[in-house]
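The primary structure of each chain is shown beneath.
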Amino acid sequence: MNSKEKRYIFDNPRNVKVLIYALYVVCAVLVGLDFVIHRHSEYALEAWYGFYGIYGFVACVFLVLAAKEMRKIVRRRETYYDDK
Amino acid sequence: MTSSLAPFLIFYVGAGLAAITRGRLRQVLLMAIPLVGGINLFYLGRGDLVAFGLFDYDLILLRVDKLSFLFSIVFHIAAFLGIVFALHVKDTTQHVSGILYAGSSIGAVFAGDLITLFIFWEMTAITSVFLILARKSSRSQATAMRYLIIQVMSGVILLAGVLVRYQQTGSVEFTFIGLDGPGGALILLAFGIKAAFPLLHSWLTDAYPEATPTGTIFLSAFTTKLAVYALARGFPGTEILIYVGATMTAFPIFYAVIENDLRKVLSYSLINQVGFMVTGIGIGTTLALNGAVSHAFAHIIYKALLFMSMGAVLFRTGKINGTDLGGLYKSMPLTSIFCIVGAASISAFPLFSGFVAKSMVLAAAVEEGHPIVWMVLLFASAGVFHHSGIKIPFFAFFAHDSGIRCKEAPFNMLAAMAVAAFLCIAIGVYPAPLYSLLPFEVNFDPYTAGHVLAQAQLLFFSALAFTYLKLSGLYPPEMVGVNVDAEWSYRRLLPRAVSAFIATFGPIDHAVRHLAMRGTQRVIVWIFRHHGPEGVLAATMPSGAMVLGVVSVLAIFLLLYFVS
């Protein structure tokens, strides 16, 4: 990279770290709020503390890891359909 | 004063004028079309405004009720956004086909009978294909033909269904259809093709990423949402749609995670979003239907915004693959911000438009006792944030710096994105105007503390999962390649099957024809031998031979006469 070029906000690794720590804090606060705010819930499962957080986290990890496995089956070279 | 001018006419006439004007004049004219259309909508009366009889059919060209009115408004907004975004384009074909396509879609939502619907249904196919052809690459030409065949097929199936239904019921009016007879099933199939039902969806992920940067904005808005409108009118409460819709929300997100072409990622997430609407229509309660159509309204705008941000990237860098992009927030800061607004809206962040619309469908699933469907929708909600909310902005504008330094998007593109972003936030913050347009009265408040908290938890922990996977190196890297999907059946399996068929039966066919040819040849030779120039039967007979013949016949006659 050109040394004269302007340094942008995420060129500094510290700023990235701050962002990630901010995310951790927000997540912790949101679970904490579960003990304060009553969520109306229809199902017993939904009434668990932090249910939505846990579900979101598990869902995304599952999604990505499953898709990674799926890629092994469905991925072909880019010209796959162009070859006759 | 009320108007009864069919709104599609403004677009059709406008397209004609756009074709014969150039430069600034055309730009002004193009922007005026949806604005004049909007004024006309404002004064439009209610009920069956234009109806006439043709042969035995009662056709209703213009039926205005709450459902058609809501879709026509958002189609006007989408047309306006698409036009402003494409204002710098000099290509007459793209402008004219974009306007005709928007006009045809608007014509279709006002169609009060199924014959009129069929005509506009086919018009949307024919007018939109030019937005793909205009890319002018050999790949886009092939894609466009596949797109056209499938779209026209949907129309043909629709017409077959309409005629079968007419035989049964004696009516072509477009009201509730349901799945009682074969006609209804055919019509549902036709709607299902345009709505991109699972296994019928490949035309969408095939065509949308191949259209021009500006053409995809039009494509993303109209065809699938026209199908959602048609399903909402014809098939509310049809139970199978609940499961079809839930499948649509879930399966495309797996493809979206591993897809490299960012416009194709958006195409997969489009199917995911339409899935929520289809589920809502299947549930069919007033809350669910309100949710489905308000989601369609919000979705058209934020999806257009996301496609616009990626279109701007493609326009400026000539690249759209995740592997080639990254760090563009440095060159295109405004586009980045608009993209993030679109991403927040599709992810249904509180204060953004997706939140006030989609929640109704989830609430209806709970209310009507579909826990499994609710779990799937929740999974899909987390998943859509993961690939559309994070992946799209992250890989295009952040991630590793690709080193690309380009100009910010042109002014007209930024203006279109700004309007769309404003609408996304405005609807999210103040949903009352949208709610007042919905077909049923709204008794739903998205902004309860518990609901906001639940959604925030779901989304922030999805972001946490992304961060965890990224930092631990488990996240699959972007890779060059194509991921085969249902289109494999007709792009690979069918041609292969045809070649295999020819390879197997070709020789047999050849042998049979050879045999037949030899037989025919022999017959010809045999006939030639007797009747040819040298043949005994072809020889000229002397007149004496004829006399002999006549005398013989006479003799036999006399003999018979004598005997009797």
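Residues numbered from 1 in each chain as written. Chains lettered and ligands numbered in written order. Predicted model: local features only at pLDDT ≥ 70, side-chain atom pairs only at ≥ 80, totals over all residues. Heavy atoms only, no water.

**Q** Hey, could you run me through empty space enclosed by the protein in this one?
**A** Unoccupied space between atoms shows up once a probe the size of one water molecule is rolled over them. Residue and element names in this part refer to chain B. Taken as a whole and judged by the stated rule, the model has one cavity of 30 Å³ or more. A volume near 60 Å³ is recorded for the largest cavity. Together, Leu30, Ile83, Ala86, Val89, Gln94, His95, Ile99, Leu131, Thr214 and Phe218 line the largest cavity. Residues of the lining of the largest cavity, tallied by class, amount to seven nonpolar, three polar and no charged. (1 Å grid on protein atoms, 1.4 Å probe; cavity = no way out; pocket = protein on both sides within 12 Å on 5 of 7 lines; lining within 4 Å. Points joined across faces, edges and corners; volume = space filled by probe spheres on them. Nonpolar A, V, L, I, M, F, W, Y, C, P; charged D, E, K, R; others polar.)

**Q** Is there a simple way to explain the environment of Val480(B) in this structure?
**A** On the secondary structure map, Val480(B) appears in the loop between α18 (449-471) and β3 (482-483). As for Val480(B) and Asn260(B), which are separated by 220 residues in sequence, their C-alpha atoms are 6.4 Å apart. The residues contacting Val480(B), other than those within four sequence positions of it, are Arg75(A), Glu78(A), Asn260(B) and Thr323(B). (Helix = DSSP H or I, 4+ residues; strand = E, 2+ residues; numbered from the N terminus. Contact = heavy atoms within 4.5 Å.)

**Q** Got a minute to help me understand the interface of chain B and chain A in this structure?
**A** Many authors give the size of an interface as the accessible area that is lost as the parts come together. The interface is formed by 58 residues belonging to chain B together with 50 residues belonging to chain A. For the pair chain B and chain A, the summed buried area comes to about 5000 Å², and 72% of that belongs to carbon and sulfur atoms. Viewed at the interface, chain A and chain B are joined by one salt bridge. Here Lys330(B) and Asp11(A) are joined by a salt bridge, their closest N and O atoms 2.8 Å apart. Linking chain B with chain A are 15 residue pairs in polar contact (both at pLDDT 80 or more). (Buried area = accessible area lost by both parts, 1.4 Å probe. Salt bridge = Lys/Arg side-chain N within 4 Å of Asp/Glu carboxyl O. Polar contact = N/O pair within 3.5 Å; in protein donor to acceptor, adjacent residues only side chain to side chain.)

**Q** Honestly, the layout of surface pockets in this entry has me stumped. Any pointers?
**A** If you add up the space inside the largest pocket, you get close to 1100 Å³. In this structure, the largest pocket is lined by 32 residues; those nearest its centre are Leu19(A), Ile390(B), Phe394(B), Phe398(B) and Phe466(B). At the level of elements, α1 (13-33) of chain A together with α13 (333-346), α15 (371-397) and α18 of chain B are the ones that each hand at least two residues to the lining of the largest pocket. Here the element with the most residues in the lining of the largest pocket is α18(B); it accounts for seven residues. Grouping the amino acids of the lining of the largest pocket by side-chain chemistry returns 24 nonpolar, four polar and four charged. Here the second largest pocket defines a volume of roughly 690 Å³. Around the second largest pocket sit 28 residues that line it, and His40(A), Glu46(A), Ala363(B), Phe444(B) and His451(B) are the ones nearest its centre. For the lining of the second largest pocket, the elements supplying multiple residues, two or more each, are α14 (353-367), α15 and α18 of chain B. Looking at the lining of the second largest pocket, the element that brings in the most residues is α14(B), giving seven residues.

**Q** Mind showing me how you'd approach the packing of aromatic side chains here?
**A** The geometry of an aromatic ring pair is captured by the separation of the ring centres together with the interplanar angle, meaning the angle of the planes. All chains considered together, the criterion is met by 37 aromatic pairs over all chains. With centroids separated by 6.4 Å and ring planes inclined at 85 degrees, the aromatic side chains of Phe174(B) and Tyr229(B) adopt a geometry described as edge-to-face. Separated by 55 residues along the polypeptide, Phe174(B) in the loop between α6 (138-169) and α7 (182-194) and Tyr229(B) in helix α9 (residues 215-234) bring together distant segments of the chain. As far as the burial class goes, Phe174(B) and Tyr229(B) line up, both buried. Among the aromatic residues, those joined into a cluster by ring pairs are Phe71(B), Phe75(B), Tyr101(B), Trp121(B), Phe174(B), Phe191(B), Phe222(B), Tyr229(B) and Phe235(B). Across from the ring centre of Phe174(B), 6.0 Å away, lies the NZ or CZ of Arg233(B), which sits over that ring. When the ring centre of Tyr80(A) is taken as reference, the NZ or CZ atom of Arg492(B) above it lies at 4.4 Å. (Phe/Tyr/Trp six-rings, centres within 6.5 Å; stacked < 30°, edge-to-face > 60°. Buried < 20%, exposed > 50% of the residue type's maximum accessible area, 1.4 Å probe, protein only. Lys NZ or Arg CZ within 6 Å of the ring centre and 35° of its normal.)

**Q** Even after reading the chapter, I still don't get unusual backbone geometry, so can you show me in this structure?
**A** Residues other than glycine predominantly adopt negative phi, and peptide bonds predominantly adopt the trans conformation. Residues and elements named next belong to chain B. The phi dihedral of lysine 136 falls on the positive side, at around 60 degrees, and the residue is not glycine. Mapped onto the elements of the fold, lysine 136 is located in the loop between α5 (114-133) and α6. The class of lysine 136 is exposed, set by a relative accessible area of 65%. Even without being glycine, leucine 199 reaches a positive phi, approximately 75 degrees. Considering the arrangement of structural elements, one finds leucine 199 in the loop between α7 and α8 (202-207).

**Q** I'm lost on the nonpolar core in this one. Help?
**A** Inside soluble globular proteins, nonpolar side chains tend to come together where they are buried. Residue and element names in this part refer to chain B. In this structure, Phe71, Phe191 and Leu231 are the most contacted members of the largest nonpolar core, which totals 207 residues. Counting residues per element, this core draws most heavily on helix α12 (residues 286-317), at 20 residues. If near-sequence neighbours (up to four positions away) are discounted, leucine 231 is found in contact with Leu188, Phe191, Ala195, Phe197, Pro236, Leu241, Val278 and Ile281. (Core = buried A, V, L, I, M, F, W, Y, C linked by side-chain atoms within 4.5 Å.)

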